[in-house]
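One-letter residues, chain by chain:
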Amino acid sequence: MSTRPNETAPEHEPDPAAAASPDTDPAAEDRVNPMWGGHFSVGPAEAMARINASIDVDRRLYAQDIAASKAHCAMLVAQGIVSAQDGEAIAQGLDTISREIESGKFTFKAALEDIHMNVEARLAELIGEAAGRLHTARSRNDQVATDFRLWVRQAIDGLDRQLRALQAALIDQAEAHAATVMPGYTHLQAAQPVTFGHHLLAYVEMLGRDRGRFADARTRLNECPLGAAALAGTSFPIDREATAAALGFDRPTANSIDSVSDRDFALEFLAAGAVLAIHLSRLAEELVIWCSQGFGFIALSDAFTTGSSIMPQKRNPDAAELVRGKAGRVIGALTGLLTVMKGLPLAYGKDMQEDKEPVFDAYDTLSLSLAASIGMIRDMRPDPAALEAATKAGFLTATDLADWLVRALGLPFREAHHITGAIVRRAEARACALAEVPLSEMQAVEPCITEEVFEVLSVARSVASRTSFGGTAPTLVRAAVAAARERFL
């Protein structure tokens with residue numbers, strides 16, 4: 001491969017000689033994995049070693065791996081499979097490893113492939129032969145399935161706390177603006193007047209459903225695969241109920257094959273995360289629109305905006321734009337893992353090593369997006385005057401006129417709709433609001449219209465009249481705020 005002047009080849013350009021065969025690679029013997037090297041005299045090719053290792057990703061599972069190992073060890077001791085002396089040495093060694101990792105003193109080795117083997121190898125260095133007893137009656141297959149479930153469960157709990165905080169921020173703003181009128185939109189066209197508080201509470205409901213989806217996923221994942229071993233269970237007299245209880249699971253998984261091959265819990269996490277990402281993106285899109293000069297509904301402070309390198313007057317809502325953009329990462333993570341899993345026969349396949357990176361990335365993306373969204377909602381300063389001024393355009397009380405024709409004159413709604421449309425056309429011709437159309441002009445369309453019609457054509461009266469359950473009347477919005485605090489906070 002040639003390069004242009006001043007260019008260098010990629011740092012990790014594959015070496016054909018190293019990739020071809022370990023027989024031609026003098027370093028291959030050094031890469032024999034001590035955890036499974038009994039059957040292998042020569043280590044993997046360099047490319048194989050790199051594609052096979054997952055430690056750069058799954059080291060994030062260290063706390064869950066150590067917790068599951070301690071629970072497994074305690075069960076082995078209780079069942080008389082491992083001596084109490086060895087069990088104590090294993091537990092103390094695992095605690096030491098945990099401290100080493102947390103303090104940054106632990107050396108992760110790619111040759112040991114993953115977090116499980118890195119921990120086990122270090123345990124052997126610390127306590128010697130007793131470390132080899134820890135892997136009795138388990139496999140990396142049930143080990144990683146357990147660790148990953150523990151991690152996803154913790155991730156769901158963390159996201160739920162952030163979702164609750166975002167709901168609280170929205171509810172606080174909704175309460176402050178329960179009576180602040182604004183245009184409600186369909187097709188991004190002004191439709192009917194609503195209150196800003198009512199609009200914000202719509203997102204509270206959306207986020208509540210997100211919390212429900214994560215809670216449902218958490219309930220289903222809260223079964224413990226530990227003890228399923230490679231795929232068939234084990235002949236040792238283990239107590240799977242004990243390890244499940246020790247790790248906070250509701251029960252052990254029921255089928256050993258499904259235990260190690262299931263990644264539904266990861267897919268459900270990503271599916272719920274993708275819906276959440278869409279909701280955050282929709283909220284972010286509205287913040288971008290509301291900040292624009294064409295709307296001017298809200299302002300964000302310096303804390304959540306950026307400037308331009310060339311245009312000194314600019315204040316860009318970049319935090320909102322990035323939240324909007326990051327939705328694609330989460331949706332992509334779901335699509336990627338669905339694609340990995342779609343063709344796998346039972347039970348475990350190495351393809352499933354690709355499960356953790358999209359889940360970790362999706363969690364990081366969602367957590368950061370939530371943090372930014374919470375900050376922006378707390379930070380935003382709505383402009384009631386600008387919001388109300390926007391209700392002057394678009395004939396927002398046209399539906400109120402049609403409803404009045406039905407109530408006062410007993411007309412069928414479709415006929416009232418037609419009459420209202422004709423009156424709106426006259427208002428457009430006069431370049432005035434509906435409430436400014438002379439009574440004589442209205443009566444030219446429908447002679448039975450009286451002056452009472454003007455009582456329903458103000459924005460304030462329109463909003464106050466929407467008293468059906470879930471409506472935008474300020475009295476209902478205040479009640480909905482109180483109900484939302486009770487339901488979600």
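Quick summary incoming for the structure in this document. As the structure is a prediction and not an experimental result, all values here were calculated from the model. (Residues numbered from 1 in each chain as written. Predicted model: local features only at pLDDT ≥ 70, side-chain atom pairs only at ≥ 80, totals over all residues. Heavy atoms only, no water.)

Concerning the overall build of the protein
Step number 1: The secondary structure content of the protein amounts to 19 helices and six strands.
Step number 2: A compact globule built from 489 residues should have a C-alpha radius of gyration of about 23 Å, whereas the protein, at 31 Å, is more than 25% larger.
Step number 3: Once the C-alpha set of the protein is aligned to its principal axes, its extents read approximately 100 × 65 × 40 Å.
Step number 4: Scored against the burial criterion, the 489 residues of the protein give a buried share of 47%.
Step number 5: Summing over all exposed atoms, the protein offers an accessible surface of approximately 23900 Å²; the carbon and sulfur share of this is 53%.
Step number 6: Side-chain charges in the protein split into 47 positive and 64 negative, and the spacing between the mean points of these groups amounts to 4 Å. (Helix = DSSP H or I, 4+ residues; strand = E, 2+ residues; numbered from the N terminus. Rg over C-alpha atoms; globule rule 2.2 N^0.38 Å. Buried < 20%, exposed > 50% of the residue type's maximum accessible area, 1.4 Å probe, protein only. Areas by Shrake-Rupley, 256 points an atom, 1.4 Å probe, with all protein chains shown as cover. Lys, Arg positive; Asp, Glu negative; His and termini not counted. Charge placed at Lys NZ, Arg CZ, Asp CG, Glu CD.)

Concerning the packing of aromatic side chains
Step number 1: Scanning the entire structure with this criterion turns up nine aromatic pairs.
Step number 2: Pairwise contacts between aromatic rings join Phe148, Trp151, Phe265, Phe360 and Tyr363 into one cluster.
Step number 3: Sitting above the plane of the Phe249 ring, Arg153 keeps its charged end 4.9 Å from the centroid. (Phe/Tyr/Trp six-rings, centres within 6.5 Å; stacked < 30°, edge-to-face > 60°. Lys NZ or Arg CZ within 6 Å of the ring centre and 35° of its normal.)

Regarding the pairing of strand S2 (residues 189–195)
Step number 1: Here strand S1 (residues 181–186) runs beside S2; their pairing, made up of six bridges, is antiparallel. Note that in S2 the partner of Val181 across the bridge is Thr195.
Step number 2: Connecting S1 to the antiparallel partner S2 that follows it, the hairpin turn spans two residues, and His187 within it adopts a positive phi of roughly 60°. (Pairing = 2+ DSSP bridges.)

Let's talk about the pattern of salt bridges
Step number 1: Enumeration over the complete set of coordinates arrives at 31 salt bridges.
Step number 2: Measuring nitrogen to oxygen at the nearest pair gives 2.6 Å for the salt bridge that ties Glu46 to Arg50. Note that Glu46 and Arg50 are positioned in helix H2 (residues 46–52) at a spacing of four residues, about one turn of the helix.
Step number 3: Of the residues examined, Glu46 reaches a relative accessible area of 26% and is grouped as partly exposed.
Step number 4: Measuring nitrogen to oxygen at the nearest pair gives 3.6 Å for the salt bridge that ties Arg466 to Asp403. (Salt bridge = Lys/Arg side-chain N within 4 Å of Asp/Glu carboxyl O.)

A closer look at helix H6 (residues 115–127)
Step number 1: Taking 1.5 Å per residue, 13 residues should reach 18 Å; H6 reaches 18 Å between its end C-alpha atoms and fits that length.
Step number 2: Among all positions of H6, only Ile115, His116, Met117, Asn118, Val119, Glu120, Ala121 and Leu123 are buried.
Step number 3: Contacts from the buried residues of H6 go to helix H3 (55–58), helix H4 (62–78), helix H5 (84–103) and helix H7 (140–176).
Step number 4: With a side-chain oxygen lying 3.1 Å from the backbone nitrogen of His116, the N-terminal cap of H6 falls on Asp114.
Step number 5: Looking one or two places after H6, you find Gly128, whose phi comes out positive at around 80°. (Expected span 1.5 Å × (residues − 1). Contact = heavy atoms within 4.5 Å. Polar contact = N/O pair within 3.5 Å; in protein donor to acceptor, adjacent residues only side chain to side chain.)

Observations concerning the packing of H4 against H5
Step number 1: Across the interface, H4 lies against H5 with an axial gap of 9 Å and an inter-helix angle of 175°. On the basis of their axis angle, the class for H4 and H5 is roughly antiparallel. Note on element contacts: H5 touches H4 through Ala84, Gly87, Ile90, Leu94, Asp95, Ile97, Ser98, Ile101 and Glu102, opposite Tyr62, Ile66, Ser69, Lys70, Cys73 and Val77.
Step number 2: Each residue belonging to the contact of H4 with H5 can be placed in one class, and the counts come to nine nonpolar, three polar and three charged. (Axes fitted to C-alpha atoms, helices over the stretch in contact; angles between N-to-C directions. Parallel < 35°, antiparallel > 145°, perpendicular 65-115°, else oblique. Nonpolar A, V, L, I, M, F, W, Y, C, P; charged D, E, K, R; others polar.)

Brief notes about the nonpolar core
What tends to happen in soluble globular proteins is that the nonpolar side chains get buried as a cluster.
Step number 1: One finds Val152, Phe269, Trp290 and Val359 to be the most contacted residues of the largest nonpolar core, which totals 85 residues.
Step number 2: Considering every element that reaches this core, the biggest residue donor is helix H11 (residues 264–291), with 16 residues.
Step number 3: Discounting chain neighbours no more than four positions away, the residues touching Trp290 are Met182, Phe196, His199, Leu200, Phe295, Gly296, Phe297 and Ile298.
Step number 4: Counting residues in each nonpolar core, the second largest holds 20 residues, with Leu401, Trp404, Cys432 and Val453 among its members. (Core = buried A, V, L, I, M, F, W, Y, C linked by side-chain atoms within 4.5 Å.)

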